Amino acid sequence: MNRFLTALFVFAVCCNSVFAQQTTTPPVKRIPPDGVQVADNDRKELEAGLQQLGTAIDGLKQKNDRFTNDLLPDVLIYYKAVDYALKYQEFFAPKEIESAKKLLQTGLSRAADLGEKKAPWATQKGEVVRGYISKIDGSVQPYGLTVPDNYTADGPAFNLSTWFHGRGEALSEVNFIAGGKGFAGSMPAMKNTIMLYPYGRFCNAFKFAGEVDVLEALEDVKKQYKINDNGLFDRGFSMGGAAAWHFAAHYADRWIAANPGAGFSETVDFMKVYGKEELHPTWYERKLWHLYDCTDYASNLSNLPLYAYNGDKDVQKEAADVMEVAMKNEGLTLNRIWGLNMGHGYTKAAAKTVDSLLDIVASKGKKEPAELHFTTYTLKYNKLYWLTVDAIGEHWSKARVDAVNGKHTVTLKTSNVKALTLNLVRVHGFTHYGPDTVKIDNSIIVLGPDVDMALNFHYENGKWLLDTEKPVLAKKHNLQGPVDDAFMSAFMVVKPSGTSKNALFDKWSKAEMERFIVQWRREFRGDPIVKADKEVTAEDMASSNLILFGDAESNRVIAKLSGKLPIKWSAAQIQAGNTAYSSKDHGLIMIYPNPLNQKNYIVLNSGFTFREESYLNNSKQIPMLPDWAVIDLNTPPDAVHPGKVADAGFFGEHWEWKEPVKE
């Protein structure tokens, strides 16, 4: 399969729930698709290979020494790849069955080496596939590398370039490991640079768990190889180009340069131009577009060398078109490289041009900027170089900081920002002696000679004050919602051991739970950790977000939350502000800091909120629900919604009840 081709389809598989026959929208095709049938002799051979590899893995686990434990994921990836493909009918062509047999042999070879305290692949040059254990669900995830011949463990640190692959609806672990990493032969190898090919947990444009996959893979590479942290490149094409735009705009300070190719950079215009579809969002869906629309974050690119590529005949040039306008509105110019007479692909000439430009950037090195122009709409993305925004006035409204370091004075102008931190170690040229000052809006703060290197400021009673706000429950980085944010860190599904008195709700809730478990594996390539409510421990609450299905009658953990949540929910009714809904035919979806351990979330009756229809186009894989929603169960779930959304909204900045906007 050509990993640079992006295909948009609009047909096929039913929603996976007990309500499938009652869907109110046309069924959509299953992604990943159903695979080919595996012949009995091939199945037996693969099963025997899995059993043999599984036995070897069990033996390695019993060793329980650091060397073995650190490298065991490099073996586990081969077992998981073949096991998933065989168990879930995810061989999409006969040749993949032969690939799986070879992967099992590689896994067995690595297991044998590891049993003898050897790991030749760890020093292998050229292409090598490795793995890590994800903090999200404990699953093993693969990533690919190209290690240059001149790299040595005792030599200088090398630069590292990500390369994000294109859309592949059949990009199983087998296909990815066997050669689906997406870097074309026409692309020059970057000098003194290790290439990282994240898997991204399949086909989600490296968003949500796919986004975390990139960050986790990057950290794992840093543990295994000597990497120059000031020499990281952000690159990709097609769906991978969309990922490169996302990581450039949302993590601008990580990279020395970015090179997005084609793809998309936002949702609404891309769907009009490429998907030929008019979107009609609710008020909260429109606000939630601010999570991933890169056009909203264009100011963050002011200190990042960025070279956008597309073929001159490629409809996906739209991504760079809209970013060019957004950057122009910030006084920035987008550097564009064109492939002449080219559709959706790279020309060799353009590839060489990009390589030369990136090489020039690498030779100059990366510096801390003295001037920042930072925009965000959520504390999920709250940092740029030496500035961190700790609190904003209202989520999903534009928050802005323009900051200039004048050596003895740092000047900041803010909008919709209530607390921030300056890391003075990273402020270029800031002196640590004498009464230096920080000016924030109309407030001037004089610093003493023994100033801390991390200064916290908050806005109170019309002025900015030095030091942090009082510790109260508030939205903060990685604890700001919406529902989908709970699935970007460690989570655990808590299933009810009882039955709700409300039969319709009980049926719906349990069906949504089973659907989520299936869809998480299909779309994010892991098996959720599942526990019964009576098995949940204080340690679980301290280490994981709890995804709770059921109500206070059926789920013991939900019962413990009674009276501790801003929405009151009983067997009779759901009280959302001044509006009450009958619990007989309504369900509650919600995210909230766990009252029993406020460092983590609880989520009620929901997995990730975009559903099967969104799998058809990666730009639509965005949050579909805010912090809470009341669901009318008289309308069954379909491929878009979990039922009819009777009402929905966001909590306030201190997780307090806030009346939703009425359309």
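Bear in mind that the values here come from a model prediction, so they are computed numbers and not experimental data. (Residues numbered from 1 in each chain as written. Predicted model: local features only at pLDDT ≥ 70, side-chain atom pairs only at ≥ 80, totals over all residues. Heavy atoms only, no water.)

1. Details of the packing of aromatic side chains
Taken as a whole and assessed by the stated rule, the structure comprises 44 aromatic pairs. Both rings, one in Tyr84 and one in Tyr88, keep their centres 5.5 Å apart while their planes meet at 90°; by these two values the pair is edge-to-face. Centroid distance Phe651 to Trp655: 6.1 Å. Interplanar angle 50°. Geometry classified as tilted. Joined through ring pairs, the aromatic side chains of Phe208, Tyr292, Phe487, Phe491, Phe516, Trp520, Phe524, Phe608, Phe610 and Tyr615 make up one cluster. Directly above the ring of Trp655 sits Lys475, whose terminal nitrogen or CZ lies 4.9 Å from the centroid. Lying across the ring of Phe202, Arg525 places its NZ or CZ 5.5 Å from the centre. (Phe/Tyr/Trp six-rings, centres within 6.5 Å; stacked < 30°, edge-to-face > 60°. Lys NZ or Arg CZ within 6 Å of the ring centre and 35° of its normal.)

2. Comments concerning unusual backbone geometry
Omega for the peptide link from Ile31 to Pro32 comes to -5°, which places this bond in the cis form. Topologically, Pro32 is positioned in the segment before helix H1 (40-63). Looking along the chain, the bond that leaves Gly481 and enters Pro482 is cis, with omega of 0°. Backbone geometry at Asn192 places phi at a positive 50°, although glycine is not the residue there. With respect to the element layout, Asn192 can be found in the loop between helix H5 (173-179) and strand E4 (193-198). Of the residues examined, Asn192 reaches a relative accessible area of 40% and is grouped as partly exposed. With phi around 60°, Ala205 is a residue other than glycine that occupies positive phi space. Relative to the elements of secondary structure, Ala205 occurs in the loop between E4 and helix H6 (209-224). (Helix = DSSP H or I, 4+ residues; strand = E, 2+ residues; numbered from the N terminus. Buried < 20%, exposed > 50% of the residue type's maximum accessible area, 1.4 Å probe, protein only.)

3. Considerations on H1
Taking 1.5 Å per residue, 24 residues should reach 34 Å; H1 reaches 35 Å between its end C-alpha atoms and fits that length. Restricting attention to buried positions, one finds in H1 the residues Asp42, Leu46, Gly49, Leu50, Leu53, Gly54, Ile57 and Leu60. One or two steps after H1, the chain reaches Asn64, where phi turns positive at roughly 50°. (Expected span 1.5 Å × (residues − 1).)

4. As for the sheet that holds strand E13 (residues 409-415)
Strand order across the open sheet formed by five strands is E9-E12-E13-E15-E16, with mixed pairing between neighbours. Looking along the sheet, the strands with just one partner apiece sit at the ends: strand E9 (371-376) and strand E16 (443-446). Going from strand to strand, the sheet's axes swing by 15° on average, the running direction of each strand aside. In this sheet, E16 lies alongside strand E15 (residues 437-440) in antiparallel orientation, the contact comprising four bridges. Directly across from Ile440, in E16, lies its bridge partner Ser443. (Pairing = 2+ DSSP bridges. Axes fitted to C-alpha atoms, helices over the stretch in contact; angles between N-to-C directions.)

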